[in-house]
Amino acid sequence: MDILRKQFLAHVGQTSPSPMMVEVDRAEGSCFYTPEGKRYYDLVAGVSVSNVGHANPAVVQAVQEQAARYMHVMVYGEMVERPQVRYAARIAELLPAPLESVYFVNSGAEAVECALKLAKRFTGRTELISMRRAYHGSTHGAMSMMGAPEGEEWKGAFRPLLPDVRAIEFNDFAALESITGRTACVLVEPVQGEGGVRPPADGYLAALRRRCDETGALLVFDEIQTGMGRTGAMFAMQRYGVTPDIVCLAKAFGGGMPLGAFVSSREIMSTLTHDPVLGHITTFGGHPVCCAAGLAALEFMLANRTVEGVEAKGALYEELLSGHPAVVEIRRAGLLMAVELGRSERLYRMMELFAGRGILSDWFLFCDTAFRISPPLTISEDEIRDSARIIAECLDTMLGEERRNLEGCE
Ligand SMILES: Cc1ncc(COP(=O)(O)O)c(C=O)c1O
């Protein structure tokens, strides 16, 4: 093992016993490269972050210019910082009314934390409802909303978590009845990501919206993974025609820099300014360099009509892979895609084969039988065809190995 990997294991806090440990030298467009010059197709995009491609020149320029002008000056919310104000105004323009007040934070988990606090503060209620197989982040509050029982493995060691939290089954219309006048909010990913890409059933989000309206519960969309064009609309709420009371954004929202936000009406958001004053505070939230990067990425997508091409790109991957005998099912919303293999042993073998062939994919936190295809939205048709060809060859290799193992047993 080389010195850098030894230092990585010795001195960089680890998240698992088996990190990928591929050294990144540089990244560009849909690919990244190791110091030895090996190319990887990035079919994870940093988990739905690098939507405008790695080292996008417009984003790089915005970061360089803003870093040279000013970086951190004062905690969030006090000063008028041009990149922050311009980004907030642009997001408010693109989101449906009344989502017009953007509160910037640092990450997805923090956006979720704040959305929960805001819902409690606005409604004066305490019950928080999430969905089974949901992932909303790893801090105490966000982890509390991790959909049990799949989340138990993660949550168990960290209890006690938030009280008065309940998970209902996603896409179960009957379960909506359990939302009541006690409920502060229902938190939902419009398309479940870490559950293995589960789109909403027809009419489900509209029925959820109606039930929230009937009971006075706030509807909170976690668009941290689905936002910024990933599903083929700028925000998944537009694809499904349902407007929440609060939406959480992060990941691609920062154009590759760390940035999150929760957005609501001014009426709801204003409750964070009093009783108590400073209801949520953050030092670095809305960092000017991150806002400049996010805004540049957004303007790039709008100028290049990037989002308009997403559905056709997802459909092309689906067409190229769905007929393969190892593929049980493809679940997809735009370029958020799960290729279901039905068995975790198959998935683990595919990850090894992918690594050898220069494909970066991953499984999902709550689904270890499917691999992920969520590349930069800027991926070209040629790159889709080439990466799908390599994937199909890896699937062939895996089936061939299984066949030979079976013959060896006979
Ligand atoms: C849907 C969803 N919500 C929240 C988060 C947490 O975001 P972060 O890792 O920035 O805290 C994630 C991260 O994967 C996510 O996919």
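Calculation notes
- The residue count restarts for each chain, going from 1 along the sequence in the order it is written.
- Local features in a predicted model are, by the rule used here, given only for residues with pLDDT of at least 70; side-chain atom pairs are given and counted only at 80 or more, and totals for whole chains, interfaces and linings are based on all residues.
- Excluded from the side-chain calculation are hydrogens and water; included are all heavy atoms of the structure.
- Whether a residue is near a molecule or strand is decided by its heavy atoms; if any one of them lies within 4 Å of it, the residue is near.
- Pairs of N or O atoms within 3.5 Å make up the polar contacts considered here, provided that, within protein, one atom can donate a hydrogen while the other can accept it, and that residues adjacent in sequence are counted only when both atoms are side-chain atoms.
- For accessible areas, the Shrake-Rupley method is used with a probe of radius 1.4 Å. Any residue's cover is judged against the shown protein chains and nothing else.
- Ten residue types, Ala, Val, Leu, Ile, Met, Phe, Trp, Tyr, Cys and Pro, are classed as nonpolar, four, Asp, Glu, Lys and Arg, as charged, and the remainder, Gly among them, as polar.
- Domain limits in this description derive from either an automatic procedure or a database domain assignment.
- Contact criterion: two residues are considered in contact whenever any of their non-hydrogen atoms come within 4.5 Å of each other.
- Buried area is a sum: the accessible area each of two parts loses on coming together, probed at 1.4 Å, counted once for each and added.
- Salt-bridge detection follows one rule: a side-chain nitrogen of Lys or Arg within 4 Å of a carboxyl oxygen of Asp or Glu.
- Secondary structure elements follow DSSP: runs of H or I no shorter than four residues count as helices, runs of E no shorter than two count as strands, and numbering proceeds from the N terminus.
- Burial here depends on accessible area, computed with a 1.4 Å probe over protein chains only, as a share of the maximum for the residue type. Under 20% is buried, over 50% is exposed, and the range in between is partly exposed.
- In this description, strands pair whenever DSSP reports at least two bridges between them.
- Axis angles are defined between N-to-C directions and span 0 to 180 degrees, where every axis is a line fitted to C-alpha atoms and, for a helix, only to the segment in contact.
- Throughout, the protein atoms alone are placed on a 1 Å grid, and a set of points is a cavity if a 1.4 Å probe fits but cannot get out or a pocket if it is open with protein on both sides within 12 Å along at least five of seven lines; lining residues have an atom within 4 Å of a point.
- Grid points are joined across faces, edges and corners, and a volume is the space filled by probe spheres set on the points.

1. A look at the site of the ligand
Argument step 1. All residues in the neighbourhood of the ligand are listed as Ser 107, Gly 108, Ala 109, Tyr 135, His 136, Gly 137, Glu 189, Asp 222, Ile 224, Gln 225 and Lys 251.
Argument step 2. The backbone of Tyr 135 places a nitrogen or oxygen atom 3.4 Å from a nitrogen atom of the ligand.
Argument step 3. The fraction of the free accessible surface of the ligand (390 Å²) that becomes covered by protein chains is 82%.
Argument step 4. Residue composition of the shell around the ligand, by class: 3 nonpolar, 5 polar and 3 charged.

2. Examining the domain arrangement of the protein chain
Interface extent is often summarised as the accessible area lost during association of the parts.
Argument step 1. Here the domain parsing of the protein chain yields domain 1 (3-55 + 305-409) and domain 2 (57-303).
Argument step 2. Between the C-alpha centres of domain 1 and domain 2 there is a distance of 27 Å.
Argument step 3. Taken together, the contacts link 30 residues of domain 1 with 38 residues of domain 2.
Argument step 4. Together domain 1 and domain 2 conceal approximately 2700 Å² of surface at their shared face, both sides included; 63% is due to carbon and sulfur atoms.
Argument step 5. One can count 2 salt bridges joining domain 1 with domain 2.
Argument step 6. When the shortest N-O distance is used, the salt bridge between Arg 372 and Glu 194 registers 3.0 Å.
Argument step 7. Where domain 1 meets domain 2, there are 16 residue pairs in polar contact (both at pLDDT 80 or more).
Argument step 8. Of all the elements in the fold, those that place two or more residues in the side of domain 1 that touches domain 2 are α2 (45-48), α12 (310-321), β11 (329-333) and β12 (336-340).
Argument step 9. Broken down by class, the residue content of the side of domain 1 that touches domain 2 amounts to 19 nonpolar, 6 polar and 5 charged.

3. Overview of the pattern of salt bridges
Argument step 1. All told, the structure shown has 30 salt bridges when counted by the stated rule.
Argument step 2. Here Glu 308 ties to Arg 305 by a salt bridge, and the two come within 3.8 Å at their closest N and O atoms.
Argument step 3. Given the relative accessible area of 48%, Glu 308 is considered partly exposed.
Argument step 4. Two residues, Glu 352 and Arg 349, come together in a salt bridge whose shortest N-O distance is 2.6 Å. With a gap of 3 residues between them, Glu 352 and Arg 349 both fall in helix α13 (residues 344-357), about one helical turn apart.
Argument step 5. Within this structure, Arg 39, Arg 357, Asp 386, Arg 389 and Glu 393 form a network of salt bridges that share partners.

4. Points about the sheet that holds strand β3 (residues 39-42)
Argument step 1. Taken together, the 4 strands give an open sheet; going across it, the order is β1-β2-β3-β13, and neighbouring strands pair in mixed fashion. Since the sheet does not close on itself, it has two edges, and those belong to β1 (26-28) and β13 (359-360), each with one partner.
Argument step 2. Pairing geometry for β3 and β13, over 2 bridges, is parallel. Residue Tyr 41 lies in a different strand from β13, and its bridge partner there is Ile 359.
Argument step 3. Helix α14 (residues 381-409) rests against β3 and β13 of the sheet, and its axis sits at about 105 degrees to β3.

5. As for the environment of Cys 394
Argument step 1. Mapping Cys 394 onto the fold places it in helix α14.
Argument step 2. Residues in contact with Cys 394, not counting those within four places in the same chain, are Met 350, Leu 353, Phe 354 and Arg 357.

6. Regarding the sheet that holds strand β10 (residues 260-264)
Argument step 1. The strand order across the open sheet formed by 7 strands is β4-β10-β9-β8-β7-β5-β6, and the pairing between neighbours is mixed. Pairing within the sheet leaves two strands with one partner each, and these edge strands are β4 (101-105) and β6 (165-168). Adjacent strand axes in the sheet meet at a mean angle of 20 degrees when their direction is disregarded.
Argument step 2. As judged from the 4 bridges shared by strand β7 (residues 183-188) and strand β8 (residues 218-222), these two strands associate in the parallel manner. Residue Leu 187 lies in a different strand from β8, and its bridge partner there is Val 220.
Argument step 3. In this fold helix α8 (residues 204-215) packs onto β5 (127-131), β6, β7 and β8, with an angle of close to 145 degrees to the strand it touches most, β8.

7. Points about empty space enclosed by the protein
Argument step 1. All told, the structure shown has 2 cavities of 30 Å³ or more when counted by the stated rule.
Argument step 2. The calculated volume of the largest cavity comes to roughly 50 Å³.
Argument step 3. Lining the largest cavity are 15 residues; nearest its centre among them are Met 74, Tyr 76, Glu 81, Gln 84 and Gly 285.
Argument step 4. In terms of residue class, the lining of the largest cavity is built from 6 nonpolar, 7 polar and 2 charged.
Argument step 5. Here the second largest cavity is characterised by a volume of approximately 30 Å³.
Argument step 6. Every residue lining the second largest cavity is listed: Val 49, Ser 50, Asn 51, Val 52, Ala 252, Gly 255, Gly 256, Ala 297 and Met 301.
Argument step 7. Considering only residue class, the lining of the second largest cavity consists of 5 nonpolar, 4 polar and no charged.

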